[in-house]
Amino acid sequence: MRYLGNNRIAVNNHTISFNDEGPDNAPVMIFIHGFPLNKTMWNKQVEVMIENCRVIAYDIRGFGNSDAGTEDFSIELFVDDLLGLMDFLKIEKAMLCGLSMGGYIALNAIENFPKRFDALVLCDTNCIADTPEAKENRMKTIESIRKNGLEQYANESVKNLFAPESFVTNMEKIAVVKKIIMNTSVQSISRTLYALIRRKETCTNLTNLTIPVLILVGREDKITPPEAARQMQKNIKGSKLNIIEHAGHLSNIENPYEFNIQIEKFISSVKSK
Ligand code: MLT
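Presented here is a report on the structure given in the accompanying data block. (Residues numbered from 1 in each chain as written. Predicted model: local features only at pLDDT ≥ 70, side-chain atom pairs only at ≥ 80, totals over all residues. Heavy atoms only, no water.)

What follows covers the environment of isoleucine 215. Assignment of secondary structure puts isoleucine 215 in strand S7 (residues 213-218). A relative accessible area of 1% places isoleucine 215 in the buried class. For the pair formed by isoleucine 215 and glutamine 262, sequence separation is 47 residues and the distance between their alpha carbons is 9.7 Å. For isoleucine 215, the residues in contact, after removing those within four places along its chain, are Leu122, Ala229, Met232, Gln233, Ile236, Ser239, Lys240, Leu241 and Asn242. (Helix = DSSP H or I, 4+ residues; strand = E, 2+ residues; numbered from the N terminus. Buried < 20%, exposed > 50% of the residue type's maximum accessible area, 1.4 Å probe, protein only. Contact = heavy atoms within 4.5 Å.)

Below, the structure is given as structure tokens:
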């Protein structure tokens, strides 16, 4: 049975919100959003991908319309939620596409449950754990949100998330992302920052990957720059890397046209194997 369209179901002691669209027997692609966004960041990809794939985009716990639950957030918990959603939907194997934190979740899921995934798209992400400096910055962010609230945090965040040129060409998209951040709860943002601080590296597993992997990164990504993508590509046998022009960290939002061309090419190559 399919739960077509927008749904909420109980998984792992919380309620998870997801969209399930596209043909019944097509290959399954699951989109995992970045921090601190939600599944709507994939709207422009879902629109085109449903032609050839069954497409699932879901909200990570605490974001969008998914409940936060009571457990401490961790990448491992987010992976359990993903597997719980796949089990509920009776999806044996899927392709994953994760941006930034979505990529951290995808890499951890593939390391721990390799048999459940048959292709991977890593967007604007990295495999390293936080450096001591990054951990300290996240702690400062938690404190600053507590003191100054989310509006200031949203204004600061978009400066890092978008390429400088997007502040001229993509003002409406920046406004939408700011709104998403301001509509997220302070608690969920802080709990996720702790989860990011505690996350483990996934670089040592890259050489074990045998599935097709595409790596996409915005030319102007300051958070997970093209050099990080090149390092991952070196270690993943047979992987492809494309730099998305006119984009920063949110390459799928800033340049959906180029991003979609690359992802569609990749899916056709995977299907023809
Ligand atoms: C994201 O876009 O998910 C975040 O930038 C990830 C991070 O802060 O490490």
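Here the narrative resumes.
This part is about the sheet that holds strand S6 (residues 117-123). Working definition: the strands of a sheet are paired by backbone hydrogen bonds and lie parallel or antiparallel to each other. Taken together, the eight strands give an open sheet; going across it, the order is S1-S2-S4-S3-S5-S6-S7-S8, and neighbouring strands pair in mixed fashion. Looking along the sheet, the strands with just one partner apiece sit at the ends: strand S1 (5-11) and strand S8 (240-244). Strand-to-strand, the axes of this sheet are offset by a mean angle of 20°, without reference to chain direction. Along the sheet face, helix H2 (residues 75-88) touches S1, strand S2 (14-21), strand S3 (28-32), strand S4 (54-58), strand S5 (94-99) and S6 and points at about 115° away from the line of S1. (Pairing = 2+ DSSP bridges. Axes fitted to C-alpha atoms, helices over the stretch in contact; angles between N-to-C directions.)

What follows concerns the packing of aromatic side chains. Inspection of every chain in the model, using the stated rule, returns five aromatic pairs. Centroid distance phenylalanine 73 to phenylalanine 78: 5.5 Å. Interplanar angle 65°. Geometry classified as edge-to-face. Each member of the pair phenylalanine 73 and phenylalanine 78 is classed as buried. Their ring planes at 80° and their centres at 6.5 Å tell us that phenylalanine 162 and phenylalanine 167 sit as a pair that is edge-to-face. A relative accessible area of 32% places phenylalanine 167 in the partly exposed class. Three or more aromatic residues joined by ring pairs make a cluster, and in this case those are Phe31, Trp42 and Phe259. One cation-aromatic arrangement involves arginine 199 over tyrosine 104; the distance from NZ or CZ to the ring centre is 4.0 Å. (Phe/Tyr/Trp six-rings, centres within 6.5 Å; stacked < 30°, edge-to-face > 60°. Lys NZ or Arg CZ within 6 Å of the ring centre and 35° of its normal.)

With six of eight residues buried, S2 lies mostly within the body of the structure. As defined by bridge partners, S1 adjoins S2 across seven bridges and the pair is classed as antiparallel. Within the sheet, the bridge partner assigned to isoleucine 9 lies in S2 and is isoleucine 16. Hairpin connection, S1 to S2: the antiparallel pair is bridged by two residues, and asparagine 12 has positive phi, about 50°. Here four bridges tie S2 to S4, and the two strands are oriented antiparallel to one another. Bridge pairing in S4 links aspartate 20 to isoleucine 56.

Overall, the coordinates contain one disulfide when judged by the stated rule. In this model cysteine 127 forms its disulfide with cysteine 203; the gap between the sulfur atoms is 2.2 Å. With the S-S bond torsion at 95°, the cross-link from cysteine 127 to cysteine 203 turns out right-handed. Of this pair, cysteine 127 sits in the loop between S6 and helix H4 (132-148) while cysteine 203 sits in the loop between helix H8 (186-198) and S7, and the two are 76 residues apart along the sequence. Free cysteine cysteine 53: the closest other cysteine sulfur is in cysteine 97, separated by 11 Å. Overall, cysteine 53 belongs to the buried group, its relative accessible area being 1%. Between cysteine 123, a free cysteine, and cysteine 97, which holds the nearest cysteine sulfur, the sulfur-to-sulfur gap is 3.7 Å. (Disulfide = S-S within 2.5 Å.)

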